[in-house]
Amino acid sequence: MLNIFKRLWQVNWAEQWQYRANLIMYLLYWLVSPIIYLSVWTSIASAKGSVNGFTAGDFVNYYMILLVADQFTSNIVIHNFAYKIQDGSLSGELVRPIHPMLTNTLVNNLAFKALILVGFTPVWLILTLIFKPDFSGVTWQGVLLSIPAMLLGFIIGFLLSAAITSLAFWTTRVYSLHEFYYAVILLFSGQFVPLTLMPKIVQDIAQYLPFQLFMYYPIQLILGKLTTAQIIQGFVVGLVWLGLSILFFNFVWRRGVKQYSAVGA
Amino acid sequence: MHFLKLISTFLKVNIQMSLAYRADTLVNILLNIMWLGWELLGLSIIFNNTTTLGGWGIGELIALLGVFRLINTMMASIIWPNTEKFNQSIRDGSLDYTLLQPAPSMFLVTFSRITIWRMWDLLLSIVLIVAGVRMAGDVATPLNILTFLLLTVSGAIVLYSLWIVLIAFTFWFTKFDNNVTILQALLDAGRYPVSVYPAWVQIIVTYLVPIAVATTVPLQALRGDLSLGRVLIFLAVSVVAAWAASLVWKAGIQRYSGASS
C-alpha cells in the first residue's frame with residue numbers, strides 16, 4: 001500500500017508541477033478576499049478603537065493566521081473529480097483495486113498543497129511585513145493543538161467535499177450544489193469575520209457544525225483565545241463530525257458507484 | 001442599425017442555447033438570490049458593529065453594492081463567457097472564422113456569447129441603487145444622477161478596455177490562458193468603498209486594475225462628492241482607454257497567424 005501511495009505521489013506531483021505557472025494566479029485568488037475583509041474590519045476597528053473587544057491589531061492577527069489555516073484545511077476535490085464523473089474518465093480508475101477518491105484524489109490534493117506551500121510561504125512573509133501582525137500571544141501549546149485540529153478540519157472537509165462531488169453520479173453536474181455548500185462554509189467557518197462578531201444564532205449553530213474547524217477554531221487555538229472547556233468541546237464536536245462524514249461519504253459513494261453509467265465512455 | 005441587428009441575432013442564438021439547460025438556469029437564479037442575501041447579511045453584520053465604513057453609511061454601501069452588481073453583471077453575462085470562447089478559439093484556430101466575417105472583430109469577440117439569465121441581475125442592481133440612495137437620505141439632484149450614469153458607463157468602458165488589452169496579449173503570448181485572472185480576482189474589491197483599503201491596495205484598484213473607477217467613483221458622483229473637473233478627467237480617461245485598447249487589438253490581430261492551420 002505504501003508503494004502505491006509513493007507511486008501516486010510521483011505521478012500527482014509531476015502533474016501539479018506542470019501547472020506551476022498557474023500557482024501565482026491561484027495565490028492571487030486566495031489572497032484577495034481575506035485582504036478585503038481584513039481591510040474592512042481594521043478600518044472599522046481603528047475608527048472606533050475596538051469592535052466587540054477586537055482591536056485593529058486583533059483583526060490583522062486573525063486574518064493573517066486565517067490565510068495559513070485555509071491553506072491547510074481546504075481541498076480541491078470538486079475541481080479534480082467532478083469532471084471525471086461527467087466525461088466518464090472515472091471508469092479506468094474504478095477497475096483498479098484501489099479506492100479512486102481515498103488514494104489518487106487524496107494524494108493529488110496533497111501534492112497541490114505541497115506545491116502551493118512553496119509559493120505561499122514567501123507571499124505570507126511579505127504580507128506580515130506589510131500588515132505587521134503581533135504574534136506575541138501565540139503559545140507553543142496553541143500551535144501544537146492546532147495541528148490535530150487542522151488535520152481534523154482537512155479530513156472532514158475532504159470527506160464532505162468528496163461526498164458532495166459524488167452526488168454527480170446522479171446529477172452529472174454538481175457545481176451549483178457545491179456553490180451552495182461553499183456559501184454555508186462562508187457563513188459558519190469564520191472566514192468573513194471572527195465568529196464571535198456574528199449574530200448570536202449563527203454562533204450557536206456554528207458551535208455544533210464542523211465548519212469552524214476549517215478556520216475559526218484553529219485560528220483561535222493558535223492565538224491562544226480559547227478556554228480549556230472550549231478547546232475540549234471543539235475537539236469532541238470535530239471527532240463526532242469525523243465519524244458522521246465517514247458514514248456520509250461511504251453511503252453516497254457506495255450507492256453512487258452503482259448508479260454510475262460512464263457517460264461518454 | 002447593423003450592430004443592433006447583430007446583437008439581436010446573438011441574443012436569439014444565446015436564448016436558444018440556454019433553453020437547453022432550463023433547470024440549470026433556475027438553479028443559477030436561486031443561487032444568485034442566495035448570494036444577494038449573503039451580501040446583505042454581510043452588510044448588516046458590518047453595520048451592527050459600526051455606523052460608517054470608510055466614511056459611508058449603510059444606505060450608501062447598499063447603493064455601492066448595486067453599482068458593483070451592475071459591473072459584475074456586465075462581466076458575468078458578457079466578458080467572462082466571451083473570454084472562454086476567445087481563448088478556445090485561439091487554441092483551436094477557430095478565430096480564423098471570426099476574422100473572416102464582415103463585421104469588426106472586436107465587436108464579434110465581445111458579444112458572441114451572452115449569458116441571458118444574468119440580465120435579471122440588472123433589475124436587482126437598480127433596485128439596490130434606488131433603495132440605497134433613499135436609505136442614505138441623500139438628495140440626488142438630476143445633475144448628480146446624470147454624472148452618476150455617465151461615470152458608470154465610462155467606468156465600464158475603462159474595465160472593458162483593460163479586458164480587450166488583456167485578451168489581445170494572447171496574440172503575443174499564445175499560452176497566456178490566465179489572461180483575465182487578475183481582473184476576476186480583484187473585481188471583488190469593488191464591493192466596498194476604496195477608502196477602506198490600505199494605500200497600496202488603493203493604488204492597485206484605482207490605477208493598475210481600475211475597478212474603483214467603475215464602482216466607488218460613480219457613487220461619489222451620485223453623492224455630489226466630485227468636482228466638475230474630476231468628472232471630466234474620468235470621462236476623458238475612458239475615451240483614451242477605449243482608443244488605446246482598439247489600437248492594441250488591431251496590432252494583435254496583425255500578429256495573429258492562426259493555430260493548426
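See above for the structure.
Draft legend 1. Spatial organisation of the overall build of chain A. Counting its regular elements, chain A contains 12 helices and 0 strands. Starting at the N terminus and ending at the C terminus, chain A contains elements arranged as α-α-α-α-α-α-α-α-α-α-α-α. In terms of overall size, chain A behaves like a compact globule, its C-alpha atoms giving a radius of gyration of 20 Å where 265 residues would be expected to give roughly 18 Å. Principal-axis analysis of the C-alpha atoms gives chain A an extent of 60 × 40 × 35 Å. Residue burial in chain A is summarised as follows: out of 265 residues, 52% are buried. Within chain A, counting contacts between residues at least 6 apart in sequence, those at least 24 apart form 80% of the total. Accessible surface computed for chain A: about 12500 Å², of which carbon and sulfur atoms make up 68%.

Draft legend 2. Local environment of the interface of chain A and chain B. Taken together, the contact pairs 32 residues of chain A with 29 residues of chain B. Across the chain A/chain B interface, buried area totals approximately 2600 Å², and carbon plus sulfur atoms make up 76% of it. When the buried surface of chain A facing chain B is broken down by residue, Y29(A), I36(A) and F192(A) rank first, second and third, together holding 18% of it. Only α2 (22–48), α6 (100–131) and α9 (175–188) of chain A provide two or more residues apiece to the side of chain A that touches chain B.

Draft legend 3. Quick look at empty space enclosed by the protein. Residues and elements named next belong to chain B. With the rule as written, the count across this model stands at 2 cavities of 30 Å³ or more. Roughly 40 Å³ of volume is contained in the second largest cavity. Every residue along the wall of the second largest cavity is listed here: A189, G190, Y192, P193, V194, Y197, V205, I211, A212, T215 and T216. Looking at the lining of the second largest cavity residue by residue, the classes come out as 8 nonpolar, 3 polar and no charged.

Draft legend 4. Molecular detail of the environment of Y256(B). Residue and element names in this part refer to chain B. Here Y256 is to be found in the segment after α12 (228–255). Given the relative accessible area of 16%, Y256 is considered buried. Linking Y256 and V237, residues 19 residues apart in sequence, is a C-alpha distance of 28 Å. Y256 has contacts with S89, I90, G93, L95, D96, L99 and F171, leaving out every residue within four places of it along the chain. A polar atom in the side chain of Y256 sits 2.6 Å from the side chain of D96.

Draft legend 5. Examining helix α3 (residues 58–92) of chain B more closely. Residue and element names in this part refer to chain B. With 35 residues, α3 should cover 51 Å at 1.5 Å per step; its first-to-last C-alpha distance of 48 Å lies within 8% of that length. Most pronounced at A76, the bend in α3 amounts to some 40 degrees. Looking one or two residues beyond α3, the residue adopting positive phi is G93, at roughly 80 degrees.

Draft legend 6. Region of interest: the packing of aromatic side chains. Residue and element names in this part refer to chain A. This model, assessed by the stated rule, comprises 28 aromatic pairs over all chains. A ring pair is formed by W13 and W17, whose centres lie 6.0 Å apart and whose planes are at 20 degrees; its orientation type is stacked. Of this pair, W13 and W17 are both found in helix α1 (residues 2–18), 4 residues apart, which corresponds to roughly one turn of the helix. In this structure W13 comes out as partly exposed when scored by relative accessible area, which is 28%. W17 sits in the partly exposed class, given a relative accessible area of 40%. Between F81 and W253 the ring centres are 6.0 Å apart and the planes differ by 55 degrees, which places this aromatic pair in the tilted class. Taken together, the positions of F81 in helix α4 (residues 77–87) and W253 in helix α12 (residues 228–259) put the pair 172 residues apart, joining distant regions of the chain. By relative accessible area, which is 0% here, F81 ends up buried. Since its relative accessible area comes to 7%, W253 is described here as buried.

Draft legend 7. Examining the pattern of salt bridges more closely. All names here are of chain B. Within this structure, the stated rule accounts for 9 salt bridges over all chains. Where R191 meets D188, a salt bridge forms, and the shortest distance between an N and an O atom there is 2.9 Å. Here R223 ties to D225 by a salt bridge, and the two come within 2.9 Å at their closest N and O atoms. Classification of D225 as partly exposed rests on a relative accessible area of 42%. Within the structure, one salt-bridge network assembled from shared partners comprises E39, R69, D121, D188 and R191.

Draft legend 8. Here's a closer look at the side chain of T50(B). Inspection of the secondary structure assignment puts T50(B) in the loop between α2 (22–48) and α3. A distance of 2.9 Å separates a polar atom in the side chain of T50(B) from the backbone oxygen of T52(B). Not counting residues up to four positions away in its chain, the partners in contact with T50(B) are I44(A) and K48(A).

Draft legend 9. View of the layout of surface pockets. All names here are of chain B. Estimates place the volume of the second largest pocket at around 630 Å³. Residue assignment for the lining of the second largest pocket shows that the elements contributing at least two residues are α3, α5 (105–111), α6 (120–136) and α7 (142–168). The element that contributes the greatest number of residues to the lining of the second largest pocket is α7, accounting for 8 residues. Residues of the lining of the second largest pocket, tallied by class, amount to 21 nonpolar, 4 polar and no charged.

Draft legend 10. View of the side chain of T105(A). Along the polypeptide, T105(A) turns up in helix α6. Other than its neighbours up to four places away in sequence, T105(A) contacts V77(A), N80(A), F81(A), P100(A) and F158(A).

Draft legend 11. Broad picture of the environment of F131(A). Mapped onto the secondary structure, F131(A) falls in helix α6. Its relative accessible area of 13% is what places F131(A) among the buried residues. Put simply, F131(A) and L38(A) are 93 residues apart on the chain and 9.8 Å apart in space, counted from C-alpha to C-alpha. Excluding its chain neighbours within four sequence positions, the residues that come into contact with F131(A) are I35(A), L38(A), V60(A), M64(A), P198(B) and W200(B).

Draft legend 12. Layout of the nonpolar core. Judged by nonpolar contacts, the single largest core of 128 residues is most densely connected at W41(A), F192(A) and Y192(B). Considering each element in turn, this core owes the most residues, 14 residues, to α3(B). Sequence-distant contacts of F192(A), that is, excluding residues within four places in its chain, are made with Y37(A), W41(A), Y63(A), L186(A), M198(A), W38(B), G42(B), I45(B), I46(B) and Y192(B). Among the nonpolar cores identified, the runner-up in size contains 19 residues, and L90(A), M101(A), F158(A) and V174(A) belong to it.

Parameters and conventions
Residues numbered from 1 in each chain as written. Chains lettered and ligands numbered in written order. Predicted model: local features only at pLDDT ≥ 70, side-chain atom pairs only at ≥ 80, totals over all residues. Heavy atoms only, no water. Helix = DSSP H or I, 4+ residues; strand = E, 2+ residues; numbered from the N terminus. Rg over C-alpha atoms; globule rule 2.2 N^0.38 Å. Buried < 20%, exposed > 50% of the residue type's maximum accessible area, 1.4 Å probe, protein only. Contact = heavy atoms within 4.5 Å. Areas by Shrake-Rupley, 256 points an atom, 1.4 Å probe, with all protein chains shown as cover. Buried area = accessible area lost by both parts, 1.4 Å probe. 1 Å grid on protein atoms, 1.4 Å probe; cavity = no way out; pocket = protein on both sides within 12 Å on 5 of 7 lines; lining within 4 Å. Points joined across faces, edges and corners; volume = space filled by probe spheres on them. Nonpolar A, V, L, I, M, F, W, Y, C, P; charged D, E, K, R; others polar. Polar contact = N/O pair within 3.5 Å; in protein donor to acceptor, adjacent residues only side chain to side chain. Expected span 1.5 Å × (residues − 1). Bend = angle between axes of the 7 residues up to and from the residue. Phe/Tyr/Trp six-rings, centres within 6.5 Å; stacked < 30°, edge-to-face > 60°. Salt bridge = Lys/Arg side-chain N within 4 Å of Asp/Glu carboxyl O. Core = buried A, V, L, I, M, F, W, Y, C linked by side-chain atoms within 4.5 Å.

The analysis is restricted to geometry; functional conclusions fall outside its scope.
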